[in-house]
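# Observations on the model geometry
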Amino acid sequence: QVQLVESGGGLVQPGGSLRLSCAASGNIFGIYTMGWYRQAPEKQRELAATITSSGTTNYADSVKGRFTISRGNAKNTVYLQMNSLKAEDTAVYYCNVNFWSGTLRKDYWGQGTQVTVSS
């Protein structure tokens, strides 16, 4: 089993920065993708950024140039550096990991951390 725990959320003014952290426990095998997703109160959950086991990153157009996703050296952590934050970035941010185990797709989610951008 895999457990993901997010931290680093909070209240920040527009234009400010936050760094989210996701600590993973358990075994993640083979080719995997880790990412950050977010969900605003009135919207569906959407992808913000992902990073693969090979280091390839992908960003939503809405955050490109402002957010940076990265992994720790131990592979048990993933970070999301968020700069130039806007009010529309306000959401609960969830850490995700998915990978193949045989023919089965494994998909795990953290509990979420609240990010509020407001003056």
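Up top you'll find the structure we're talking about.
Here's a quick rundown of the structure. (Residues numbered from 1 in each chain as written. Predicted model: local features only at pLDDT ≥ 70, side-chain atom pairs only at ≥ 80, totals over all residues. Heavy atoms only, no water.)

### Overview of the pattern of salt bridges
This is how it is decided: For this analysis, a salt bridge means a side-chain nitrogen from Lys or Arg found within 4 Å of a carboxyl oxygen belonging to Asp or Glu. Relative accessibility under 20% of the residue-type maximum defines a buried residue, over 50% an exposed one, and the middle range a partly exposed one, all with a 1.4 Å probe and only protein chains included.
The tally for this structure, following the rule as stated, stands at 4 salt bridges. One salt bridge connects Glu 46 with Arg 38, and the closest N-O pair in it is separated by 2.9 Å. Judged by relative accessible area, which is 33%, Glu 46 ranks as partly exposed. Three or more residues are tied together by salt bridges with common partners; here these are Arg 38, Glu 46, Arg 66 and Asp 89.

### Observations regarding the pairing of strand E1 (residues 2-7)
To keep things clear, this is the line we draw: Secondary structure is summarised from DSSP: a helix means a run of H or I of at least four residues, a strand means a run of E of at least two, and numbering begins at the N terminus for each. Each pair of strands is called paired provided DSSP finds at least two bridges between the two strands.
Residues Val 2, Leu 4 and Glu 6 of E1 are buried on one face, while the alternating residues Gln 3, Val 5 and Ser 7, pointing to the opposite face, are not. Strand direction decides the pairing type here: E1 and strand E3 (residues 18-26), joined by 6 bridges, are antiparallel. Within the sheet, the bridge partner assigned to Val 2 lies in E3 and is Gly 26.

### Details of the packing of aromatic side chains
Centre distance and the angle of the planes are the two values used to describe a pair of aromatic rings. Going by this rule: Classification of ring pairs rests on two measures: the distance between centres of Phe, Tyr or Trp rings, Trp counted by its six-membered ring, which must be within 6.5 Å, and the angle between planes, read as stacked under 30 degrees, edge-to-face over 60 and tilted in between. Think of it as a cone above the ring: NZ of Lys or CZ of Arg counts as a charge over the ring if it is within 6 Å of the ring centre and within 35 degrees of the ring normal.
Using the criterion set out here, one finds 2 aromatic pairs in the structure. Between Tyr 37 and Trp 109, the ring centres sit 5.1 Å apart and the planes meet at 65°, which makes this aromatic pair edge-to-face. Here Trp 109 lies in strand E10 (residues 104-109) and Tyr 37 lies in strand E4 (residues 32-39), a separation of 72 residues in the sequence. Centre to centre, the rings of Phe 99 and Tyr 108 are 6.3 Å apart; their planes meet at 20°, and the pair counts as stacked. A relative accessible area of 3% means that Phe 99 is categorised as buried. Lying over the aromatic face of Tyr 79, Arg 19 brings its terminal NZ or CZ to 4.0 Å of the ring centre. Here the basic side chain of Arg 45 rests over the ring of Tyr 94, its NZ or CZ set 3.7 Å away from the ring centre.

### Let's talk about the nonpolar core
As a reminder, the rule being used: As used here, the term nonpolar core means buried Ala, Val, Leu, Ile, Met, Phe, Trp, Tyr and Cys residues forming a set that is joined through side-chain atoms within 4.5 Å.
Counting residues in each nonpolar core, the largest one holds 30 residues, and the members touching the most others are Trp 36, Leu 80, Met 82 and Tyr 93. Mapped by element, the contributors of at least two residues to this core are E1, E3, E4, strand E5 (46-52), strand E7 (67-71), strand E8 (77-82), strand E9 (91-101) and strand E11 (113-117). Residue contributions to this core peak at 5 residues, all from E9.

### Details of the sheet that holds E7
Keep this limit in mind: Each axis is a line fitted through C-alpha atoms, taken for helices only over the stretch in contact, and angles between the N-to-C directions span 0 to 180 degrees.
In space, the 4 strands of this open sheet follow the order E1-E3-E8-E7, with antiparallel pairing throughout. Both edges of this open sheet fall to E1 and E7, since each of them pairs with a single strand only. Looking at each pair of strands side by side, their axes are set apart by 15° on average, direction ignored.

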